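Coordinates in review
Here is how the chains run, residue by residue.
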Amino acid sequence: MTDLQQVLDEIALDAAMAADRGVVAQYIPELAKVDPRQFGIAVALPDGQVVCAGDAETAFSIQSVSKVFTLSMALGKYGDSLWSRVGREPSGDPFNSIVQLEQEKGRPRNPFINAGAIAIADLVLSGHQPREAIGEIVRFIRHLADDDSIRIDERVARSETEHGDRNASLAHFMRSFGRFSHQVDHVLGVYFHQCAIAMTCHQLARAGLFLASQGQNPLTGTQVVPPQRARRINAIMLMCGHYDGSGEFAYRVGLPGKSGVGGGILAIAPGKASIAVWSPGLDTVGNSKLGTAALEQLAKRMEWSVFGA
Ligand code: GLN
């Protein structure tokens, strides 16, 4: 049997030596300050064991990886009626694109592009003050990771709020179609804070484990979502989790995955593992450059691709 620890150590060593590490996100000043030499990887197995290498205990900004958790929460609250607000088709456009929104009358293509995640934040906000909704998201993630130390990085939240004109435009544009239930600044407050949650690879791999285990969190024994819903969330991750790089990610890695501009990726090998990888440098479409390369190697060596060895 392949020794997972050895594979991860070799992947971390390759990453440490990589010359081209991509470019750290520039449009959120707090993220632009992050040291691009970092790399961490953690693999959580259904028996609760977590195998790590590199900077797996360093917290980073999960950014759009949070969209997997808010989608799971919102599906729990609204069930299939959620799909009247967002679609589930890949966009083929950048994560913060506005072009399709006009043609599609304010219903974003999927819950993982920014417009879609902002629409989900509007749903999560229902019945709450923004502060309560943010608290609920953090509590959900802490429960999934079985770790109460997970926090929001307020500096990142502030930095993104100050430079959030594009996301504000998306929100106002959707609101103009009468599809929004709340004030734009309240919805954006929820969205920016969910993106600013800081987690380590170790914590993130644990938090994603329910998606690898038919919706059940083996750490806590809780059925987080029904098995069919976990399967569907994985399907959306595979098709839409890397924006206009989703086809390339499926081709190279072959696993459902969700990336964030903090350089994190959560990937799911159904029935086998939940994997979190982090390296802050991004490729041209905004996905972690070394993170993707690491997952490509891991999936190949462990024969974890959903499309076969
Ligand atoms: N918070 C980021 C934004 O809205 C999330 C984008 C991402 O991680 N791809 O721009």
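See the structure above.
What you see is a predicted model, and the numbers here were worked out from it, not measured in a lab. (Residues numbered from 1 in each chain as written. Predicted model: local features only at pLDDT ≥ 70, side-chain atom pairs only at ≥ 80, totals over all residues. Heavy atoms only, no water.)

Turning next to unusual backbone geometry. In this model, glutamine 214 sits at a positive phi of 50 degrees, which is unusual for a non-glycine residue. Its place among the elements puts glutamine 214 in the loop between helix H11 (209-212) and strand E7 (216-217). With relative accessibility at 58%, the residue glutamine 214 sits in the exposed group. Of note, the phi angle at tyrosine 243 is positive, near 55 degrees, even though the residue is not glycine. Within the secondary structure, tyrosine 243 is located in the loop between helix H12 (227-240) and helix H13 (246-252). On the basis of relative accessible area, tyrosine 243 is assigned to the buried category, the value being 5%. (Helix = DSSP H or I, 4+ residues; strand = E, 2+ residues; numbered from the N terminus. Buried < 20%, exposed > 50% of the residue type's maximum accessible area, 1.4 Å probe, protein only.)

For strand E10 (residues 264-269), the tally of buried residues reaches six of six residues, placing the bulk of the element in the interior. Along E10, one buried face is formed by Gly264, Leu266 and Ile268 and the opposite face, lined by Ile265, Ala267 and Ala269, is buried too. Looking at chain direction, strand E9 (residues 257-259) and E10 are connected through three bridges and run antiparallel. Bridged to lysine 258 within E10 is leucine 266. (Pairing = 2+ DSSP bridges.)

The topology assignment puts arginine 21 in the loop between helix H1 (4-17) and strand E1 (23-24). Among buried charged residues, arginine 21 stands out as having no salt bridge; its nearest opposite-charge side chain is aspartate 35, 6.9 Å away. Those residues in contact with arginine 21 that lie beyond four places of it in its chain are Ala15, Ala16, Pro36, Arg37, Gln38, Phe39, Ser279, Gly281, Leu282, Lys289 and Leu290. (Lys, Arg positive; Asp, Glu negative; His and termini not counted. Salt bridge = Lys/Arg side-chain N within 4 Å of Asp/Glu carboxyl O. Contact = heavy atoms within 4.5 Å.)

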